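# Architecture and fold: a report
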Amino acid sequence: MILTVDHVTSYRYAQPVRGVVQSHRLTPSVFDGQTALDWSVSVSDGLKGGGFRDGAGDWVQGWSVPGPVSAITVTVRGTVRTQDLAGLLRGHREAIPREAYLDDTAPTRVDAALAELARSAGGASDPLDAAHRLSAAVARAIAYKPGATHAHTTAAEALALGEGVCQDHAHALIAVARHAALPARYVSGYLMSGGDGSAAEAAHAWAEIWVQGLGWIGFDPANACCPDDRYIRLGSGLDAQDAAPIRGTARGPGAEVLDVAVAVQAVQQ
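### So, the sheet that holds strand 7 (residues 184-191)
Sheet architecture is open: 4 strands sit in the order 10-9-7-11, paired in antiparallel fashion. Only two strands of the sheet have a single neighbouring strand rather than two, namely strand 10 (215-219) and strand 11 (231-237). Adjacent strand axes in the sheet meet at a mean angle of 35 degrees when their direction is disregarded. Here strand 9 (residues 203-211) runs beside strand 10; their pairing, made up of 5 bridges, is antiparallel. Among the inter-strand pairings, Glu208 is bridged to a residue of strand 10, identified as Gly218. Of the strands in this sheet, strand 9 and strand 10 are in contact with helix 2 (residues 127-141), which crosses strand 10 at around 25 degrees.

Set out below in structure tokens:
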């Protein structure tokens, strides 16, 4: 499938700040399931800094915006050819050992309820079956409801609430997978969610679980599936903050207002 992306992130400051520094994970991952045909990232009044490929295999690009700054717009546009690999991250090069993804972080810390969820989904000796069981258990336990949670909601809090968004599903799956001794990580990207191929709000997140003998496999509890050719993978990390497509710091006291618009559309082939 060929997908186009139009992603605009706008920042407005209550009073001008002295400058802004950002790091971006906004470049599609390099693996067998996707190829960027064209891709551009621009920052209004921004100066492009250094870039590097980190240990997780993601491209990290630095930007700075000299002040005074009242507003910034980050624009991502591109076209990607995707292939359905049933969630398998084949052909992806990285250096971080998979055991590093067994470490807890604050959003993925396991409480008694998450431990019980992991136990109730257990019973599979095959790690691939175990990963599928855990993903299905999270999908049943947390109903998808936009606005039910916020950016700092933890996996434990989302499970207690019984509602959340894709970030909460990913954090909860990571938590129960790590509790079951399966390395797991957070993935940020895009999803063409319009069933008819029309443009749709499409910033998305899911989890990847390491399965011995196969490698990293994606699981999306929010949609009860493994990522297919509707997905574009950008980057990964221990949790949502670690894998955030845009991270930055504004030098000044002004309050920040964020607005994001993302659309992914299929191109007729």
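### Considerations on the side chain of His7
Relative to the elements of secondary structure, His7 occurs in strand 1 (residues 2-24). Given a relative accessible area of 8%, His7 falls into the buried group. Engagement of the side chain of His7 in a polar contact is seen with the side chain of Tyr190, the distance being 2.7 Å. Residues within four places of His7 in sequence aside, it is in contact with Leu26, Val74, Thr75, Val76, Tyr190, Val260, Ala261 and Val262.

### Observations regarding the side chain of Asp239
Relative to the elements of secondary structure, Asp239 occurs in the loop between strand 11 and strand 12 (246-250). No salt bridge forms around the buried Asp239; measuring N to O, its nearest opposite-charge neighbour Arg178 is 6.5 Å away. Polar side-chain contacts of Asp239 include one of 2.8 Å to the side chain of Thr105. The contacts of Asp239, once residues within four sequence positions are left out, are Thr105, Pro107, Thr108, His171 and Tyr186.

### Details of the domain arrangement of the chain
Partitioning the chain into domains gives domain 1 (2-81 + 246-266) and domain 2 (84-237). Placing the centre of domain 1 and that of domain 2 at their C-alpha centroids yields a distance of 24 Å. Here domain 1 and domain 2 share an interface that buries about 2100 Å² over both sides, 57% of which is from carbon and sulfur atoms. It is Phe31, Val262 and Val264 that lose the most area in domain 1 upon contact with domain 2, and together they represent 25% of the buried surface on that side. In this assembly, domain 1 and domain 2 are joined by 2 salt bridges. For the salt bridge of Arg233 with Asp58, the shortest nitrogen-to-oxygen distance reads 3.7 Å. Viewed at the interface, domain 2 and domain 1 are joined by 9 residue pairs in polar contact (both at pLDDT 80 or more). For the side of domain 1 that touches domain 2, the elements supplying multiple residues, two or more each, are strand 1, strand 2 (34-43), strand 4 (59-82) and strand 13 (256-267). Top contributing element to the side of domain 1 that touches domain 2 by residue count: strand 13, with 7 residues. Class assignment for the residues of the side of domain 1 that touches domain 2 results in 16 nonpolar, 8 polar and 3 charged.

Definitions and limits used
- Residues numbered from 1 in each chain as written.
- Predicted model: local features only at pLDDT ≥ 70, side-chain atom pairs only at ≥ 80, totals over all residues.
- Heavy atoms only, no water.
- Pairing = 2+ DSSP bridges.
- Helix = DSSP H or I, 4+ residues; strand = E, 2+ residues; numbered from the N terminus.
- Axes fitted to C-alpha atoms, helices over the stretch in contact; angles between N-to-C directions.
- Contact = heavy atoms within 4.5 Å.
- Buried < 20%, exposed > 50% of the residue type's maximum accessible area, 1.4 Å probe, protein only.
- Polar contact = N/O pair within 3.5 Å; in protein donor to acceptor, adjacent residues only side chain to side chain.
- Lys, Arg positive; Asp, Glu negative; His and termini not counted.
- Salt bridge = Lys/Arg side-chain N within 4 Å of Asp/Glu carboxyl O.
- Domains from an automatic or database assignment.
- Buried area = accessible area lost by both parts, 1.4 Å probe.
- Nonpolar A, V, L, I, M, F, W, Y, C, P; charged D, E, K, R; others polar.

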